[in-house]
Amino acid sequence: MRILQLTPKPPVPAVDGGALAMNSVTESLLSAGHEVKVICIETKKHPFLPAKIDAAYKNATKIEAVFIDTSVRIASAFANLFSSSCYNVDRFYSLEFENRLTAVLQKETFDIVQLESLYMMPYFDVIRKNSKAKIVLRAHNVEAHLWNRRTLQEKNAVKKKWFAHLAKNFFTYETAAFTKVDGILPITAEDEHTINDMTKVRSNTMEVLPFAMRLPENITEKKPKPFSVFHIGAMDWQPNIEGVSWLVSEVWPKVLASVPHAELHLAGRDFPTGEARFEGKNIFIHGEISNAFEFMNEYAIMTVPLLTGGGMRVKLVEGMALGKPIVTTSIGAEGTAAENEKQLMIKNTAADFAIAICQLLNNEIYARELGHRAKDFAKTHFDSDIASKKLTDFYSSILK
C-alpha cells in the first residue's frame with residue numbers, strides 16, 4: 001500500500017509523546033513493507049530539523065515540511081468567542097500547505113491518506129478533490145472531551161468561559177469530522193467509546209490503535225539510584241505543567257516527611273527555570289535531556305501525575321517497557337488497560353500518591369516485581385509488530 005501521512009508537527013526527531021506516536025505508525029508501516037510519504041507542518045514551537053533526521057528515514061519517506069505560524073493571537077481568539085468556527089484547528093490551515101498538498105496529490109497516487117489528529121482536517125476537502133484515496137483520521141485525543149475536563153476544573157471565570165466555548169466548538173467540529181472520514185483510529189478504548197457517544201460510527205470504520213514501540217537495542221538495564229523518583233515530560237503542555245506543580249507542592253512534602261533522603265528528578269523540554277513552584281528540598285531540575293531512555297534508567301520510581309488531559313501517555317508506555325515501577329493517576333493510566341497494583345500504582349489524591357511512592361522506595365523487591373509485570377504487560381499490549389499488522393488489516397478492510 002501507498003500511504004500519505006499528514007502531521008501537524010514534525011514526527012522526527014521525536015521530541016515529545018505526540019511525535020513519538022506519529023513516528024511509531026510511520027516506522028511500523030515501513031517495516032511491514034508499505035510505502036509512506038510524510039508531509040508535516042512546521043511551526044515556531046515545532047521546527048523542522050532535517051539535519052537531525054536519519055538519512056534512511058528521509059530517503060524512505062521523502063519527508064517535507066511547510067511552515068505555518070500557529071501562534072495564538074489575542075484579537076482573533078477574542079473574536080472567536082462570537083463564532084462557531086474551531087479557532088484552535090483554524091490556526092493549522094494555510095494556503096501554502098494546501099497548494100503543496102494539491103501538487104503532491106495530483107502527481108502521486110495513494111491508497112490511504114492518514115491525518116494525524118484533528119488539526120489536519122482543514123485539508124479534508126482538498127484531499128477529496130484531488131485523490132481517490134481513503135481518508136483515515138488518527139484521533140490522538142478527543143479534543144472536546146479534553147476541553148470539557150479543563151472547563152470543569154478551571155476556577156478562573158474568564159478562562160472557564162473561554163474553555164467552555166472551545167469545548168462546544170470542538171464538539172461540533174469533531175462530530176462532523178468523525179462522520180466525514182473513511183476510517184477512525186482512536187488511540188484508546190476510552191476515546192473509542194467517547195467517539196461513539198458523540199456520533200454513531202459503523203464498527204468497521206473504527207479501530208483502536210494504541211501507541212506501539214520497539215525499544216532501542218542498545219538500551220541495557222542498570223541498577224537505578226536508590227531512593228530516587230523522577231518525572232519526564234514536555235513542559236510546553238499544560239497538563240504536564242499542572243501535574244508537576246501538584247507533584248512538587250502537594251505530593252513531594254508528604255514523601256519527604258516519611259523518606260527525608262528521597263530525591264525528585266525532573267526533566268523535559270521547555271522546563272521553566274527559576275520558578276518557585278517547581279523548586280524544593282531534594283528536587284533536581286535537569287531540563288531537556290538528550291536520551292530519555294538513559295534518564296529513565298538512571299532513577300528508580302517513575303511518576304506520571306496527570307490531573308487533566310486525554311489520550312495515551314507515551315512516556316508512561318516507555319517506562320513500562322523499560323520495567324520501571326510507576327505511580328500515576330487514573331487519567332495518567334487511561335488507555336493502557338493496566339490495573340492498579342498489578343502493573344501500575346494508580347492513586348488520585350496527593351496523600352495516596354505519596355504513600356505509593358514511599359511504599360516503592362522502601363520496598364525494593366516489590367518495586368522490582370511491579371516493574372517486571374509492567375514490562376511483560378507492555379510486550380503484549382504495545383508491541384510495534386502487533387500494531388503494524390492491526391493497522392494493515394484495518395486499511396485493507398476500508399479499501400474493500
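Everything that follows concerns the structure shown earlier in this document.
A short tour of the structure in this document, coming up. Quick caveat: nothing in here was measured; it's all calculated off a predicted structure. Residue indices follow the written sequence of each chain, beginning from 1 at its first position. A pLDDT threshold of at least 70 governs which residues receive local features in this predicted model, and a stricter bar of 80 or more applies before side-chain atom pairs are shown or counted, although totals over entire chains, interfaces and linings include all residues. Side-chain numbers come from the whole structure's heavy atoms, not from hydrogens or water.

### Thoughts on the sheet that holds strand S6 (residues 183-186)
Backbone hydrogen bonds are what pair the strands of a sheet, in a parallel or an antiparallel way. Heads up, the rule is: When DSSP finds at least two bridges between two strands, those strands are taken to pair. Secondary structure follows DSSP: runs of H or I at least 4 residues long count as helices, runs of E at least 2 residues long count as strands, and numbering of each begins at the N terminus. In this analysis an axis means a line fitted to C-alpha atoms, helices contributing only their contacting stretch, and an angle means the value between N-to-C directions, from 0 to 180 degrees. Contacts between residues were defined by any pair of non-hydrogen atoms, one from each residue, lying within 4.5 Å.
On the basis of which strands lie adjacent, the open sheet formed by six strands has the order S3-S2-S1-S4-S5-S6 and parallel pairing. The open sheet terminates on both sides in strands that have one partner only, identified here as strand S3 (64-67) and S6. For this sheet, the mean inter-axis angle between neighbouring strands, taken without regard to orientation, is 20°. Across the sheet, helix H1 (residues 17-31) touches strand S1 (2-7), strand S2 (35-42), strand S4 (112-116) and strand S5 (134-139), and the angle it forms with S1 is around 170°.

### Some remarks on the pattern of salt bridges
Spelled out, the test is: When a carboxyl oxygen of Asp or Glu is within 4 Å of a side-chain nitrogen of Lys or Arg, the pair counts as a salt bridge.
This model, assessed by the stated rule, comprises 24 salt bridges. One salt bridge connects arginine 100 with glutamate 64, and the closest N-O pair in it is separated by 2.5 Å. Of the two residues, arginine 100 is situated in helix H5 (residues 95-107) and glutamate 64 in strand S3; the sequence distance between them amounts to 36 residues. With a shortest N-O distance of 3.0 Å, lysine 347 and glutamate 341 are connected by a salt bridge.

### A short note on the environment of leucine 360
Its location among the elements puts leucine 360 in helix H14 (residues 350-362). Each C-alpha atom of the pair leucine 360 and valine 327 lies 9.0 Å from the other, and the pair is 33 residues apart in sequence.

### Some details on the sheet that holds strand S8 (residues 263-267)
Strand order in the open sheet formed by six strands is S9-S8-S7-S10-S11-S12, with parallel pairing between adjacent strands. The open sheet has two free edges, formed respectively by strand S9 (283-287) and strand S12 (345-346), since each of these has just one partner strand. Looking at chain direction, strand S10 (residues 299-304) and strand S11 (residues 326-328) are connected through three bridges and run parallel. By the bridge assignment for S11, valine 304 is matched with threonine 328.

### Points about the nonpolar core
Put simply, the rule is: Grouping buried Ala, Val, Leu, Ile, Met, Phe, Trp, Tyr and Cys residues that are joined through side-chain atoms within 4.5 Å yields what is termed a nonpolar core. Residue exposure (1.4 Å probe, protein chains only): buried if accessible area is under 20% of the type maximum, exposed if over 50%, otherwise partly exposed.
Counting 45 residues, the largest nonpolar core has Leu6, Phe97, Leu101, Leu115, Ile127 and Phe170 as the members making the most contacts within it. The residues touching leucine 6, leaving out its near neighbours within four places in the chain, are Ile39, Leu101, Val113, Gln114, Leu115, Glu116, Met120 and Ile127.

### A look at the pairing of S4
For the record, the criterion: Orient the strands so they point away from the viewer; a crossover is then right-handed if the path from the first strand over the helix to the second runs clockwise.
Of all five residues in S4, five are buried, a share of seventy percent or more. Here S4 shows two buried faces, one formed by Ile112, Gln114 and Glu116 and the other by Val113 and Leu115. Across five bridges, S4 lies against S5 in parallel orientation. Looking at S5, one finds that glutamate 116 is bridged to arginine 138. Each parallel crossover has a hand, and for S4 linked through helix H6 (residues 124-130) to S5 it is right-handed.

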